Amino acid sequence: MKDNMNPIEEWKRLQDTSFLYKAVMYDQEESYWSRYAENYDQRRTGGKGPEAELGLVNDLFDRDMTVLEIGAGTGIFTKYIAKKVKKVTVVEPSPSMIRVLKNNLDREHIKNVEIIQAKWEEVETEAHDVVFAAGCLYVFYEIEKALKKMIEKAERLLVLTHGINGYGETYREAAELMGIDPPSSGPDYRHLYNILFLMGIYANVHITKSRSEILYDDMNHAVSIWAERIGAMPGKLDRLQRYLENKLTKLPSGRFSMEGGERVNAIIWHTKDR
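Since the model is a prediction, treat every value here as computed from it, not as a measurement.

Asks: Would you take a moment to explain helix α7 (residues 143-153) for this structure?
Replies: For the α-helix, the turn length of 3.6 residues means that residues three or four positions removed from each other point alike. Restricting attention to buried positions, one finds in α7 the residues Ile143, Ala146, Leu147, Lys149, Met150, Ile151 and Lys153. Those residues of α7 hidden inside the fold are in contact with α1 (7-16), β1 (66-70), β4 (128-134), β5 (154-164) and α9 (189-198).

Right, dumping it as structure tokens:
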């Protein structure tokens, strides 16, 4: 973080060059999720990270709680939380993610989840015992406004997860090979914690580490996603494809897999005085 820079200003500065936020600005990532949502739950993960996150999050919840989950995606957390609490209300903008989420809930016969298709900035909803946002905070530019609304709607507990993207270095390497200014991975959990501290929220933090992968339907799919993320020009796509051919592993299914570097994720939570 630059000396004397307000953490909220630093968040915005990093978002200005973030390949993740660029995709959000393009079309709320729907061009990405329309092809990738089906693959999202099929990623392989390594290390203790995902299990530790699920375990700790579940430990924070009680049977009598209602949970407002922001950016639930395909329901990686939702399906576990819903089995422990009274009710979950999901706010998720992506129709592709919602389609997979509904299928996941139906498969496990989960009936206590209400789904609202909307952006968090635009939705009006009642307060819940818990507000929970896992891995979706990169979509916000006006982070202070988004967090204030979460705090307002959380009657008992605010739980957030945010990390350091495990693919940032690979995106930078690809960009540099093609003579493109490297994108940033955006702000990480340290920036989020500092913003909460500035807002007077003295939160608890638990760090987990894991490795993960991204799945692509085919090489064209991978090239199109990467070109969008790093801003590769059409004339350089052949060079980008050669780079990806060395990075991706073809699976027996015909899909391609890329393993990421170590992902460091933080669970940040704050219990409100009652």
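We are not done yet, so read on.
Asks: I tried to follow the packing of aromatic side chains on my own but got confused; where do I start?
Replies: Think of a pair of aromatic rings as described by two things: how far the centres are apart, and how the planes are tilted against each other in angle. A full pass over the atoms with the stated rule returns 7 aromatic pairs. For the pair Phe77 and Phe132, a centre-to-centre distance of 5.3 Å together with 75° between the ring planes defines the contact as edge-to-face. Linking Phe77 in the loop between β1 and α5 (78-81) with Phe132 in strand β4, this pair joins segments that are 55 residues apart in sequence. Both residues of the pair, Phe77 and Phe132, count as buried. Measuring from ring centre to ring centre gives 5.2 Å for Phe197 and Tyr202, while their planes differ by 70°; the resulting arrangement is edge-to-face. With a relative accessible area of 47%, Phe197 lands in the partly exposed category. Grouped by ring-pair contacts, the aromatic residues Phe19, Tyr171, Trp226 and Tyr243 constitute a single cluster.

Asks: Even after reading the chapter, I still don't get the layout of surface pockets, so can you show me in this structure?
Replies: It is a probe the size of a water molecule, rolled over the atoms, that shows where empty space is left. A volume near 220 Å³ is recorded for the second largest pocket. Sorting the residues of the lining of the second largest pocket by element identifies α2 (19-27) and α7 as the ones contributing at least two each. Its residues assigned to classes, the lining of the second largest pocket shows 8 nonpolar, 1 polar and 5 charged.

Asks: Sorry, what's going on with the pattern of salt bridges here?
Replies: Oppositely charged side chains can pair when the atoms bearing their charge come close. Scanning all chains against the criterion turns up 11 salt bridges. Glu142 is the partner of Lys12 in a salt bridge, and the nearest nitrogen-oxygen pair spans 3.1 Å. Note that Lys12 is positioned in helix α1 and Glu142 in the loop between β4 and α7, a separation of 130 residues in sequence. Relative accessible area serves as the criterion here: at 44%, Glu142 is assigned to the partly exposed category. One salt bridge connects Glu108 with Lys83, and the closest N-O pair in it is separated by 2.5 Å. With Glu108 in the loop between α6 (95-107) and β3 (113-116) and Lys83 in the loop between α5 and β2 (87-91), this pair connects stretches of sequence that are 25 residues apart. Overall, Glu108 belongs to the partly exposed group, its relative accessible area being 33%.

Asks: Which parts of the structure should I look at to understand the packing of helix α8 (residues 168-177) against helix α10 (residues 219-230)?
Replies: Helix packing for two helices is described by the angle between their axes and how far apart those axes are. Close contact between α8 and α10 brings their axes to 10 Å; oriented N to C, the two are set at 85°. The angle between α8 and α10 places the two elements in the roughly perpendicular class. Of the residues in α10, those in contact with Thr170, Tyr171, Ala174 and Ala175 of α8 are Trp226, Arg229 and Ile230. Residues that form the contact of α8 with α10 fall into these classes: 5 nonpolar, 1 polar and 1 charged.

Asks: Teacher, can you tell me more about the nonpolar core here?
Replies: Nonpolar side chains in soluble globular proteins tend to end up buried together. Core analysis: the largest hydrophobic core is formed by 31 residues, its most contacted members being Tyr216, Trp226, Ile230, Leu240, Leu244 and Leu248. At the level of elements, α2, α3 (30-40), α6, α8, β7 (213-216), α10, α11 (237-247) and β9 (256-259) are the ones that each hand at least two residues to this core. It is α10 that provides the largest number of residues to this core, a total of 7 residues. If near-sequence neighbours (up to four positions away) are discounted, Leu240 is found in contact with Met178, Val223, Trp226, Ala227, Ile230 and Ala232. Counting residues in hydrophobic clusters, the runner-up holds 30 residues, among them Ala118, Leu147, Ala154 and Ala266.

Asks: When you look at α2 in this model, what are you seeing that I'm missing?
Replies: Buried residues of α2: Phe19, Leu20, Tyr21, Ala23 and Val24, and no others. Residues of α2 that are buried make contact with α1, α8 and α10. Between the side-chain oxygen at the start of α2 and the backbone nitrogen of Leu20 there is a gap of 3.2 Å, and the oxygen is on Ser18.

Basis of the calculations
Residues numbered from 1 in each chain as written. Predicted model: local features only at pLDDT ≥ 70, side-chain atom pairs only at ≥ 80, totals over all residues. Heavy atoms only, no water. Buried < 20%, exposed > 50% of the residue type's maximum accessible area, 1.4 Å probe, protein only. Helix = DSSP H or I, 4+ residues; strand = E, 2+ residues; numbered from the N terminus. Contact = heavy atoms within 4.5 Å. Phe/Tyr/Trp six-rings, centres within 6.5 Å; stacked < 30°, edge-to-face > 60°. 1 Å grid on protein atoms, 1.4 Å probe; cavity = no way out; pocket = protein on both sides within 12 Å on 5 of 7 lines; lining within 4 Å. Points joined across faces, edges and corners; volume = space filled by probe spheres on them. Nonpolar A, V, L, I, M, F, W, Y, C, P; charged D, E, K, R; others polar. Salt bridge = Lys/Arg side-chain N within 4 Å of Asp/Glu carboxyl O. Axes fitted to C-alpha atoms, helices over the stretch in contact; angles between N-to-C directions. Parallel < 35°, antiparallel > 145°, perpendicular 65-115°, else oblique. Core = buried A, V, L, I, M, F, W, Y, C linked by side-chain atoms within 4.5 Å. Polar contact = N/O pair within 3.5 Å; in protein donor to acceptor, adjacent residues only side chain to side chain.

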